[in-house]
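# A look at the structure
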Amino acid sequence: MTDTQGDDRPIDGADGAGHGNRATAGGSAVRHVRTRREHRALRAVGLVTTAVLAFGASGATSVLVRTLGNVEQVDNKELVAPETERPPAPVPDPEDPLAGLPVNLVLIGSDDRSGANADIGGAEEGMRSDTTMLLHISADRSRVELVSVPRDLRIAIPSCTVTGGGTTRASSQATFNEAFSRGWVGGKDLASAATCTQMTIEQMSGVRTDGFMVVDFAGFQTMVDALDGVPMCIPEDMDDNESNLHLTAGTQTLTGAQALALARARHGLSDGSDTYRMGRQQALLAAMTKSVLSQNVLTDLPNLLQFLDAATSSLSISGGVDLKGLAFSLRSVRPDAVTFLTIPSGPQPGNVNRVVLTAEAEDVWARVVADQPVVPEVEAPPAPTPPQGPSTPTGADPVVPPVPTTPVDPLADRKPGVAITSADAQAAC
């Protein structure tokens, strides 16, 4: 599915008219919203996850408290649709106010080409939605699951309240990334754009979300470089002139610039669609998460400070997101418990450049709502018992040869709904 709209363009415009069943009547201005110049490009969504996991794995309270001062808080309470109050945590925990409850966050990457990021992606006016994921953290804090939502997905978009009290128009069918664009045009700020995306996710999935998180791609490079690069197995040569990606096949340690180019690359790779680009982004994030959880950066205080400073300086979160609590609650998470997949979807009939949800998507959303693994656990069939032979002593346990397994290639094209975990990341070929 080749996107004929260009790399990160909204499909339609937006206006301030209309009313939807998700809109609120709130009209007060957002209190702590950064200017457009300060937001810059917000593309590297997965760094949010990596940063949260790094916080938890480090267990360094003083370092965490110090670096959290870099995080920009965005107050969007007046823009969020009214919901039933969240129940109190079943077991009060001062380190994790939501202990015992699942947490759902919307991770948003946009393409703002101003400030430092103009040197990376080229200067352009406006702000466009690029990568969006729903981050689910299980109530028992044993699982982290990230579900990518295609920007070219055709769905209903609700009317959204924006800063200043206006509302955006609703549509019974529109392209998913229009939600961000309509919020931005209507409110002229990140709070309006990101909250409209958050409300669209809720309407589409039925999942109650706790807020949004965004991070800029200038900080992405700094984070990767603070890790001394991300080791990955590149199965074949990869070239995309538009994103400045040029990698040769084999074991590579990607620099920050190379990792960003891989996250952005689409042209000349696979079929050129955003579907498979999301898969490559997930593979990169899986490799980063595995690297963070296994490297000595977590026990090396200077390196830890450098890494967390880069992460938090790039981060904006909506009010109510307790990053410190989530970090400490995830301190024991394992790479094989961090799962990535794209919501099941396929080409829209009559328009191969757009996608629609398939029936399997309902099952994924239902599992998130029920706090069940997004990929059902399948019990392995019992190993066959070979017949007793003359060489097998009576009463001895028969020797069962191991079943050979084929290594997962995270960078290979994966259809929506096919998952990988951070444990699948290959640091060497």
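Residues numbered from 1 in each chain as written. Predicted model: local features only at pLDDT ≥ 70, side-chain atom pairs only at ≥ 80, totals over all residues. Heavy atoms only, no water.

Right, let's talk about the overall build of the protein chain for a bit. For the protein chain, the helix and strand inventory stands at twelve helices and 16 strands. Across the 429 residues in the protein chain, those meeting the buried criterion constitute 53%. Put simply, the protein chain shows about 17800 Å² of open surface, and 52% of that area lies on carbon and sulfur atoms. (Helix = DSSP H or I, 4+ residues; strand = E, 2+ residues; numbered from the N terminus. Buried < 20%, exposed > 50% of the residue type's maximum accessible area, 1.4 Å probe, protein only. Areas by Shrake-Rupley, 256 points an atom, 1.4 Å probe, with all protein chains shown as cover.)

Take the environment of Met-278 next. Turning to its location among the elements, Met-278 is positioned in helix α9 (residues 274–294). Taking the C-alpha atoms as reference, Met-278 lies 9.6 Å from Asp-413; in sequence the two are 135 residues apart. Filtering out sequence-adjacent residues up to four positions away, Met-278 remains in contact with Ser-148, Val-149, Pro-150 and Thr-342. (Contact = heavy atoms within 4.5 Å.)

What follows deals with the state of the cysteines. One pass over the structure, following the stated rule, counts two disulfides. Residue pairing for Cys-160: its cysteine sulfur links by disulfide to Cys-196, the two sulfurs lying 2.2 Å apart. Around the S-S axis, the bridge from Cys-160 to Cys-196 shows a dihedral of about 70 degrees and counts as right-handed. Highlighted residues: Cys-160 in the loop between β5 (154–157) and β6 (171–175) and Cys-196 in helix α6 (residues 190–205), separated in sequence by 36 residues. For the pair Cys-160 and Cys-196, a shared accessibility class is recorded, and that class is buried. Counting only the cysteines that form disulfides, in the order they appear in the protein chain, gives the pairing 1-2, 3-4. (Disulfide = S-S within 2.5 Å.)

Turning our attention to the packing of helix α5 (residues 178–187) against α6. Helix packing geometry: the angle between the two helix axes and the distance between the axes. For the pair α5 and α6, interaxial distance at closest approach is 7 Å and the crossing angle is 145 degrees. As for how α5 packs across α6, the hand of that crossing is right-handed. Listed contacts from α6 to Ala-179, Phe-180, Gly-183, Trp-184 and Gly-187 of α5 are Leu-190, Ser-192, Ala-193, Ala-194, Cys-196, Thr-197 and Thr-200. Across the contact of α5 with α6, the residue classes tally to seven nonpolar, five polar and no charged. (Axes fitted to C-alpha atoms, helices over the stretch in contact; angles between N-to-C directions. Left-handed = near helix turned anticlockwise from the far one by under 90°. Nonpolar A, V, L, I, M, F, W, Y, C, P; charged D, E, K, R; others polar.)

Counting residues in hydrophobic clusters, the biggest one holds 55 residues, and the most contacted among them are Leu-105, Leu-146, Met-213, Met-232, Leu-245 and Leu-284. At seven residues, the largest contribution of residues to this core is made by α9. Ranked by size, the runner-up nonpolar core spans 29 residues in total, among them Val-74, Ala-191, Met-204 and Val-374. (Core = buried A, V, L, I, M, F, W, Y, C linked by side-chain atoms within 4.5 Å.)

On to the layout of surface pockets, then. The computed volume of the second largest pocket comes to approximately 300 Å³. What lines the second largest pocket is a set of 14 residues, among which Asp-336, Thr-339, Pro-373, Val-375 and Thr-421 lie closest to the centre. The residue inventory of the lining of the second largest pocket, partitioned by class, reads seven nonpolar, two polar and five charged. (1 Å grid on protein atoms, 1.4 Å probe; cavity = no way out; pocket = protein on both sides within 12 Å on 5 of 7 lines; lining within 4 Å. Points joined across faces, edges and corners; volume = space filled by probe spheres on them.)

Okay, helix α8 (residues 256–264) next. Of all nine residues in α8, seven are buried; the element is thus mostly enclosed. Along α8, the positions that sit buried rather than exposed are Gly-256, Ala-259, Leu-260, Ala-261, Leu-262, Ala-263 and Arg-264.

This part covers a negative patch on the surface. A cluster of acidic residues, Glu-236, Asp-237, Asp-239, Asp-271 and Asp-413, forms a negative patch at the surface. With respect to the secondary-structure elements, Asp-413 resides in the loop between α12 (359–369) and β16 (420–421). (Patch = residues over 30% accessible without salt bridge, like charges linked within 9 Å, V, L, I, M, F, W, Y side chains within 5 Å. Salt bridge = Lys/Arg side-chain N within 4 Å of Asp/Glu carboxyl O. Lys, Arg positive; Asp, Glu negative; His and termini not counted. Charge placed at Lys NZ, Arg CZ, Asp CG, Glu CD.)

Compared with the 30 Å implied by 1.5 Å per residue over 21 residues, the 30 Å span of α9 between its first and last C-alpha is a close match. The buried fraction of α9 is high, at 17 of 21 residues. (Expected span 1.5 Å × (residues − 1).)

Within the element layout of this structure, Glu-72 appears in strand β1 (residues 72–74). On the basis of relative accessible area, Glu-72 is assigned to the partly exposed category, the value being 25%. In this structure the C-alpha to C-alpha distance between Glu-72 and Met-213, which are 141 residues apart in sequence, comes to 9.9 Å.

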